[in-house]
Every structure is written in structure tokens, then in C-alpha cells.
Amino acid sequence: MDRMASSMKQVPNPLPKVLSRRGAGAGVEAAERESFERTQTVSINKAINTQEVAVKEKHARTCILGTHHEKGAQTFWSVVNRLPLSSNAVLCWKFCHVFHKLLRDGHPNVLKDSLRYKNELSDMSRMWGHLSEGYGQLCSIYLKLLRTKMEYHTKNPRFPGNLQMSDRQLDEAGESDVNNFFQLTVEMFDYLECELNLFQTVFNSLDMSRSVSVTTAGQCRLAPLIQVILDCSHLYDYTVKLLFKLHSCLPADTLQGHRDRFLEQFTKLKDLFYRSSNLQYFKRLIQIPQLPENPPNFLRASALSEHISPVVVIPAEASSPDNEPVLEKDDLVDMDASQQNLFDNKFDDIFGSSFSSDPFNFNSQNGVNKDEKGHLIDQLYREVSGLKAQLENFKTESQRAVLQLKGRISELEAELAEQQHLRQQAADDSEFLRAELDELKKKREDTEKAQRSLTEIERKAQANEQRYSKLKEKYSELVQNHADLLRKNAEVTKQVSVARQAQVDLEREKKELEDSFQRLSEQAQRKTQEQTEVLENLKQELATSKQELQIVQGSLETSAQSQDKWATQIAELEKERGSLVNTMASREEELSALQKQLEDAQLKLSSAQESMGQLAKDQRKMLLVESRKAAEQMVQEALRQLEEPALISCTGPADHLLSTVKSVSSCIEQLDKSCSQYLACPEDIGGLLHSVTLLAHLTSDTIAHGSTTCLRAPPEPADSLTEACKQYGRETLVYLASLGEEGTLEKADSTAVRSCLSKIAAIGEELLPRGLDIKQEELGDLVDKEMAATSAAIETATARIEEMLSKSRAGDTGVKLEVNERILGSCTSLMQAIQVLIVASKDLQREIVESGRGTASPEEFYAKNSRWTEGLISASKAVGWGATVMVDAADLVVQGRGKFEELMVCSHEIAASTAQLVAASKVKADKDSPNLAQLQQASRGVNQATAAVVASTISGKSQIEETG
């Protein structure tokens, strides 16, 4: 903090005028804020840049002062969030250095403002951890250290960012509780372990056989170690004091692990301090303490008085070695002359200049006598002797200074030679970069050509896409036409049925008319015969009458009345006969008209039947041809895409290919059956068209899956699979061509297509990823072992909860005891519910294996359903692990050192794990199984117990908060 104060005095306030006008109004405050943010942004960007040089102290100090000015780190994070830390390792390394300084010397609110970015730092650490060269591993370890530092200060808010504490403050941090001191020591060990890992990794990344500390790249990596050395010195001192305190309260055997870990870290820290103190870079910036030869003996309490706290000293005006002046050879000569002049001037001051010009002028105006002269001579001799001694000392010191300067000259000459070597290396690198630039220009030209070709390919691909869209539209149109034709066919069939019914009705009416005509004819014949008979009778009677007339002509007058009567009767008979003749003529006309209508209907019916038959036959033939053409175009398009790998932008697993091959085999079998049905009944063409279309789609998918599988397969199987896909496409085209012609439909053979599919399936089987190296009999044993292990974990967790409950009842009282009993009781109920769930899961699993394996063994069943088995194992592990974690969280809550939220989160995780176990068991279970119902009932019990744990936790938390 003294250094901080001196730094603040040395650095002028960047905003003196703005800060002095704070009360001038809202506009002035906005201007102040804008000026401050601009200054901070410039300083942060200058401190964190991509140049491989150490962070300048003045920029870092400005960033630190900015946090004290705004009482936080909002501006710092707003600027840092715009930096590409994930893409430049040097930038990320310098960010870590500046952020470390802010956590140590910045405002205390820097930690609070930075906690929200803790997860982002963890993600960035994992990302840089994948880069094994350069600054990748350094950034990953430094980010882990910063996260550990943030977590440590969050858990222990009494510790300031620079870790400077007195012994009294250290005792207050532990709250006079040995358990707190024990946990605090473990956290310090973890913290120091991260510091040492970064220390060691930086040294391992440097070439220690060269003067790396005088190069900018070496200084960039070494600069953050100053903060690490400051942290390590305090952490080492505090761990020693805490271990002595723990050994005074706890048995030595209990702390054996602490002593072993301290000894390991002591050895590493001593070695790293020693190596750092020998580097030229650190000699100018920091005085590194050296640890004692042997570690402290914690088993002897008096050894605490022998402990000396390591103190790191930073000079007030420490500067970078790049800014120190270098003494040349001429300066050495001038220094010797200046030292000689210094001696002469000192001699003149003592004896006077006149004495130096005339030292033996004893008869001068002084007027001294002989005794006084002798006394003066003796005094002068003594002073000359003293001056000679001083002169020897000056000479010795000057010689030592000369030797030091000569050594410095040698070092500078070595550095100069190294700089010349670096310059030569830079020249070579420049030539190499120039050559690379030429090569990159060529590559750029090639890239532009490739870009143009890619543009052409994209254009072709777009054209192909348009063509495919047109084909798809044409196919949709064909499908629509097919549907319309089928609809028309149904209508025509309906019309034919109506026509047939009409024909039947006409035949029935014709028969009725014929019967009626026959009856009328017979009736007319009967009436004609009767009339003929009547006429014959009348003729006979007329003849008789004529004879009688001739007989009785004589008596005409007497018979005139009877003659008139007979004449009237004859007229009536004649009239009746005419009407019968007219009726018979009209009946004959009606019969001829009906016969003509019947003949016309028969002609129309026969022509309609002929046209419908021909139309249906032509339509079926056209549909089959168009479907075959569309299928051939789809297969040809798939083969063309197989020849153009640039159009394929994804890779696929071999199991997808095998699944598609099985679908194609089933489709070919259905297609053969549809061909047979079509040949037997040409009207039944729907199944054949559906099979042809499905075969085209599945063939296209098979070729596409084959091409994507080739991208992730080894070269030799990939070539074989590509050739097999091509052969399969060609054979499919031949097979489809045989389906489109009537003469070759009966001879269509799918043997060659099936052979190609078998070859593709064989290659796909070879490319399937191999699973775990677990034997069939071991997989079943692993399921039983995991279920048994889960049961054992639940039993152990139950026992631990009972033990914690006993301890709480023995040591706690009042509200704390009530809360602990409620929480532990709900946890016990949850463990019991989980135990019931596991038993139900075992019963259901046993039922699934017995009902699903058939004649196979349980091991073969597990091996056949390996994915289901692995899911069951994973779910069982998750349940056991969740129970263990929840018991640990409950233990911490009961002890008062845990968080209620962690216990609630563990409860939710257990509920999720049991749901996963139920889902894994339910996949192959019968939905009507009573064991499945029991498992679901047990799952509901677990959910209710989980809710009880959460409710008791929330209630306990609120109760404890209310009581203080």
C-alpha cells in the first residue's frame, strides 16, 4: 500500500480540471464522466495490446487509479469486453496481468464487479487449454489462478486483494474456530498451488540457457510473476502460522496430510524463488526473499519463534531495464579523472592552494618558530598518512567499480551480440516472410481463381437447385395429374356401372316390352280371329239374310224395320274393327321405337366401354413411364452429386447408411410384389407407382448417405464405398428402365441391385464405430454392479444422515436443532424414497430382460441393447452420485458452513436423475406392466420427497435469518 501511495503521488491526476468542477451541473458531470471514460479507455487499450512486450507500469497505475475514482471496475470491463481475448493469446495474457493488478491494488469493489464474468473466464481458460504451444497454456493457467483468487476472496472477505494482514487480523479471519482455521489452510494450499503452477509453467516456457530476461518477449512472460511472488510470500507466511496454530489444537496424525502438502509446496517455492532471484530482470524491479534451508518443524511449538516472514521489497523508483542508462568505456576514464580531481580538491581544501604551490616556505609571513614548525610537520605527516590511506581506499573502490563496470561491459557486449544475432535472425525472418508473402500472393491468386470457380460452382449449384425445383414441381404436377386421373378413373368406373345398370334396366324394359308386345299380338290375333269369325258369321248371316231377303223380298214392307236394325249393327261392328286396327298399328310403332332406342343404347354402351378401357390403359402406361422418368432423374441427380464432393457440406455416421440400406431392401421386395400384382391385374397400378417413387427417394438418400459417410471414413473403405454407390446407382437405373416398358416388365430382375446393396451394407458394417471394450457377459454384470453400487451409496447416505442427526441433537439446541432435524428428516425420507425407486427399477429391469430376451441369455440381451444398457448404467450412476453430493451439502448446512441453495440444487439434481432412471427403464417396458406402475409410483414418491427437502430447506433458511 505504501508503494501504491507513492505511485499515486508520482502519477499526476489525469482529470484535475474535470474533477474540480463536479458541482457545476449535469452537463459538467457528463463531461467529466466522458473525459474519465475516454482516459481510462486509452490507458486500458495501451496496457492491453497485442505487442509482445511487458505491460508499462504507468498504464497499469492509471487503470488502478481509475477503479478508485469510480469505486469499481465498470469502465474496465466495458472496454475489455470489446477486446478479442479469445483470438489473441498475447492480448489475453496481458489482460490477465492487468486484471491481477486490479484485484490486488484496485478498489475493493473490483471483485464484486468482476464476479459476474467468472464463468466467462472459466470458458476462456478451457478454450486456451486446448492450445499446447505459445501462450495458450499460460493463459489457461493464469485464468484458473484469477478465478481461484476471486473465489478465495469471496469466501474470505476479510482478506484484502493484496493479502496484507496482521497476525491479529489473521486470527479474526478464523473466528477463533479450529474448524475454520483448518478449512482456511486448505483453501490457502489450493490458492498457492495455482500460483506455483503458473510460476513453473512460465519458467518451463522459457529457454533458460539464454538471457531471456533482457528480451521483450521474455519480459512479457516474466512481468506477471512479480504479482505472483507478492501473493506467494504472503500465502507461505500465513500457512506457516496457521499450521503452528493447528498443531497446537489438533493431533499430529490428523495434520499429516497438511504437512505433506506444505513440504511439497515449500520445495517448489524455494526453488522458484532462487531461480527468480538470479534473473537480471527481477534484480532491477524486486528484491526476492530466500526461504530457509529446512522447512519449519511444526511438531515443535517453539519453532514458531524461528520463523521469519519473507518480505518482498519493491524499490520506490523501480524502472524497466530498457530505460536504464548503460556506461560506456569513455565514462570509465572520465570517472577515474573525476575521482582524481575529487582527491585534489579535497587536498586543497585541507592545506590551501598556496601550500600546494610552495609547501616548504617556512620563512613566510606566518612567523612560526622551529618547535611549531616541527609540530606542524608531524601533523602534516599524519594527515598525509591518513590521506594516503584514503587514497588507497579510493583506489580500491575505483578498481572494484572498474571491475564491476567491466563485468557490466561484458554483459552488455553479450547482450549486444545477442541483439545482433536477433537482428540477423530478424533479417532472416524478414527474408522468409518476404518469401512467404510472395507465396501468399500466389495463393491469393489461386484463391481468387478458386473463388471464381467456386462462384461458377455455386451458380451451377443454383441452376441445379432450380432444375431440381422444376423437377420437383413437375413431379408434384405428375402426382396431382395421377390423383386427377385416378379420380376420373373412379368417375368413369362409376359411369360404367351406371351405364351397365342402365343396360340392365333397358334389357328388363325390353323384355317387358317384348312380353307386352307378345301379349298385345296374341290379344290382337285373338280379336282378329274373333272378328274374322264374326265376319264369317256375318257373311253367313248376310248370305242367309240375302236368301231370306230374296225370300222375303216380297214381303219388304213387312221386314223393312228389321233390315234397318241389322244395318245398324253391321255399321257398329265395322267401326269397332277399324278402331282395333288403329290400336294395333300404334302398338307396332311404339315397339319399333323402343327397339331403336335399345339398339342406340347398346351402341353407346359398347363405345363407352371401349373408350374407357383404352383411356385407362393409356393413362396407366403414361403414369408408369412418367414415374420411371422422375425416379431415373432423381437417381441421376444423386450420382451427379456423388461426383461433385464440393456440394456436400456435412458428414454422416455409418449407422444412418445401414438404416437406409435396410429401407431400400424392403422397398425392392415391395416393388417386386407390386410388379406381380400389376401383371396379374393391370388396373391395380397404385402400389407399383408408390414403390417406384419410394425406391427413387431411398436410392437418392442411400447415395447421399454413402457420400457423407465417405468423408469421415479412411481412404480405402471410402473409395470402395464410393464405387459401390456408383454401381448401385447404375444398376438401379437399369432396373427402373426395365419397369417402364411392357415387354421387359415381366423380365425385370432386381438381383444386381440387391448385390450392390449387400456390398454397401458390408462396407458400412466395417465403418461402424466400435463401442466400449466390454464383453457381453461383463455388460450384464456391470448393470447389476452399478445398481448394487447405487443401493450401497443410498444406504451409506442414509447412515451418514442418521449420524449427522445424532451429532446435531447432541451439540445443537433451539432453532438450529429444530432446523437441522427438519432438514435431515426430509433428507432421510428422500433416501428411503430413492431406495424404493431402485428396488422397483430392479424388478422392472428383470421383467424387461425376461420378456425381451427370448431364448437368448441376459448377457446377450444386454449386448444387443447396448445403448439402452448404457443409458440405464448412466442413470444409476447419476442417482448414486446425486445422493452422495446432497449428503455432503446437508453436512455443510448443518455445520453452518454451507449454503441452503446448494442443498436445494442437489435435491433438484436427484429428482432429474431419478426421472432419467425412470425414462431409461420405461423405454422397453410394457405400458400395462404392474412393475412399471410401481416404478412410476416410486418416482412420484421421490418427487414428493424432493419437494419436502426444498420446502424444509427454505423454511429453515428463513427461520435462521429471522433469528439473526
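Residues numbered from 1 in each chain as written. Predicted model: local features only at pLDDT ≥ 70, side-chain atom pairs only at ≥ 80, totals over all residues. Heavy atoms only, no water.

### What to know about the pattern of salt bridges
If you walk through the whole model with that rule in mind, you get 29 salt bridges. The partner of Asp-231 in a salt bridge is Arg-104, and the shortest N-O contact between them spans 2.4 Å. Here the residue Asp-231 occupies a position in helix 13 (residues 225-247), and Arg-104 occupies one in helix 6 (residues 89-105), the gap between them amounting to 127 residues. A single burial state applies to Asp-231 and to Arg-104, both of which are buried. The salt bridge involving Arg-800 is made with Asp-888; its shortest N-O contact spans 2.8 Å. In this pair, Arg-800 sits in helix 25 (residues 776-811) while Asp-888 sits in helix 28 (residues 866-895), placing the two residues 88 residues apart along the sequence. The class of Arg-800 is partly exposed, set by a relative accessible area of 27%. For Asp-888, a relative accessible area of 34% corresponds to the partly exposed category. (Salt bridge = Lys/Arg side-chain N within 4 Å of Asp/Glu carboxyl O. Helix = DSSP H or I, 4+ residues; strand = E, 2+ residues; numbered from the N terminus. Buried < 20%, exposed > 50% of the residue type's maximum accessible area, 1.4 Å probe, protein only.)

### Notes on the side chain of Asn-49
Tracing the backbone through its elements, the reader meets Asn-49 in the loop between helix 3 (26-47) and helix 4 (57-70). Looking at Asn-49, its side chain comes within polar contact range of the main-chain oxygen of Lys-46, at 2.8 Å. Polar side-chain contacts of Asn-49 include one of 3.2 Å to the backbone nitrogen of Gln-51. Residues contacting Asn-49, with those up to four places away along its chain left out, are Val-90, Leu-91 and Lys-94. (Polar contact = N/O pair within 3.5 Å; in protein donor to acceptor, adjacent residues only side chain to side chain. Contact = heavy atoms within 4.5 Å.)

### Describing the packing of aromatic side chains
On inspection of all chains with the given rule, the structure shows 19 aromatic pairs. With centroids separated by 5.2 Å and ring planes inclined at 75 degrees, the aromatic side chains of Trp-77 and Phe-99 adopt a geometry described as edge-to-face. Separated by 22 residues along the polypeptide, Trp-77 in helix 5 (residues 74-80) and Phe-99 in helix 6 bring together distant segments of the chain. By relative accessible area, Trp-77 is classed as buried at 4%. Feature note: the residues Phe-76, Trp-77, Phe-95, Phe-99 and Tyr-117 constitute an aromatic cluster, connected by ring pairs. (Phe/Tyr/Trp six-rings, centres within 6.5 Å; stacked < 30°, edge-to-face > 60°.)

### A short note on the packing of helix 11 (residues 178-204) against helix 14 (residues 256-277)
In contact at an axis separation of 10 Å, helix 11 and helix 14 are set at 35 degrees when each is read in the N-to-C sense. The way helix 11 lies across helix 14 gives a crossing that is left-handed. Residues Phe-182, Thr-185, Val-186, Phe-189, Asp-190, Leu-192, Glu-193, Leu-196, Phe-199, Gln-200 and Phe-203 of helix 11 lie in contact with helix 14, whose contacting residues are His-258, Arg-261, Phe-262, Gln-265, Lys-268, Leu-269, Leu-272, Phe-273, Arg-275 and Ser-276. Looking at side-chain class alone, the contact of helix 11 with helix 14 contains eleven nonpolar, five polar and five charged residues. (Axes fitted to C-alpha atoms, helices over the stretch in contact; angles between N-to-C directions. Left-handed = near helix turned anticlockwise from the far one by under 90°. Nonpolar A, V, L, I, M, F, W, Y, C, P; charged D, E, K, R; others polar.)

### Observations concerning the side chain of Asn-931
On the secondary structure map, Asn-931 appears in helix 30 (residues 930-962). A polar atom in the side chain of Asn-931 sits 2.5 Å from the side chain of Glu-847. What Asn-931 contacts, discounting residues up to four positions off in sequence, is Asp-843, Leu-844 and Glu-847.

### Comments concerning the nonpolar core
The biggest cluster of nonpolar side chains holds 94 residues, and the ones touching the most others in it are Ile-48, Phe-76, Phe-95, Phe-99 and Phe-159. For this core, the element with the most residues is helix 13, which contributes 14 residues. Other than its neighbours up to four places away in sequence, Phe-99 contacts Phe-76, Trp-77, Val-110, Ser-114, Leu-121, Leu-146 and Met-150. Within the second largest apolar cluster, 49 residues are counted, among which are Phe-861, Met-886, Cys-906 and Ala-920. (Core = buried A, V, L, I, M, F, W, Y, C linked by side-chain atoms within 4.5 Å.)

### Overview of unusual backbone geometry
Even without a glycine there, the phi angle at Leu-163 is positive, about 65 degrees. For Leu-163, the location among the structural elements is in the loop between helix 9 (136-155) and helix 10 (167-174). Judged by relative accessible area, Leu-163 falls into the buried class, the value being 0%. Notably, Ser-176 is not glycine yet its phi reads approximately 55 degrees, a positive angle. Secondary-structure assignment places Ser-176 in the loop between helix 10 and helix 11.

### Topic: the layout of surface pockets
Estimated volume of the largest pocket: approximately 980 Å³. Looking at the largest pocket, it is lined by 28 residues, and the ones nearest its centre are Lys-155, Glu-187, Gly-896, Arg-897 and Gly-898. Breaking the lining of the largest pocket down by element, the ones donating at least two residues are helix 9, helix 10, helix 11, helix 26 (814-852), helix 28 and helix 29 (900-922). (1 Å grid on protein atoms, 1.4 Å probe; cavity = no way out; pocket = protein on both sides within 12 Å on 5 of 7 lines; lining within 4 Å. Points joined across faces, edges and corners; volume = space filled by probe spheres on them.)

### Here's the deal with the confidence of the model for the protein chain
Should the pLDDT be low somewhere, the predicted coordinates at that spot are not to be read in detail. With 77% of its residues at a pLDDT of 70 or more, the protein chain shows a mean pLDDT of 76. Scored below 50 in pLDDT, residues 317-368 shows 45 contacts in the model against residues more than four places distant or in partner chains. This stretch, residues 770-774, has a pLDDT under 50; its non-local contacts, to residues over four places away or in other chains, come to four contacts. (pLDDT = per-residue confidence, 0-100.)

### Points about the environment of Leu-115
Here Leu-115 lies in the loop between helix 7 (109-114) and helix 8 (118-129). Assessed through its relative accessible area of 30%, Leu-115 is described here as partly exposed. Between the C-alpha atom of Leu-115 and that of Glu-151, which follows or precedes it by 36 residues, the distance is 8.7 Å. What Leu-115 contacts, discounting residues up to four positions off in sequence, is Met-150 and Thr-154.

### Things to note about the state of the cysteines
Evaluated as defined, the whole model comprises zero disulfides. Counting only cysteine sulfurs, Cys-92 is the nearest neighbor of Cys-96, a cysteine outside any disulfide, at a range of 4.4 Å. With no disulfide of its own, Cys-827 lies closest to Cys-906 among cysteine sulfurs, the gap being 9.5 Å. (Disulfide = S-S within 2.5 Å.)

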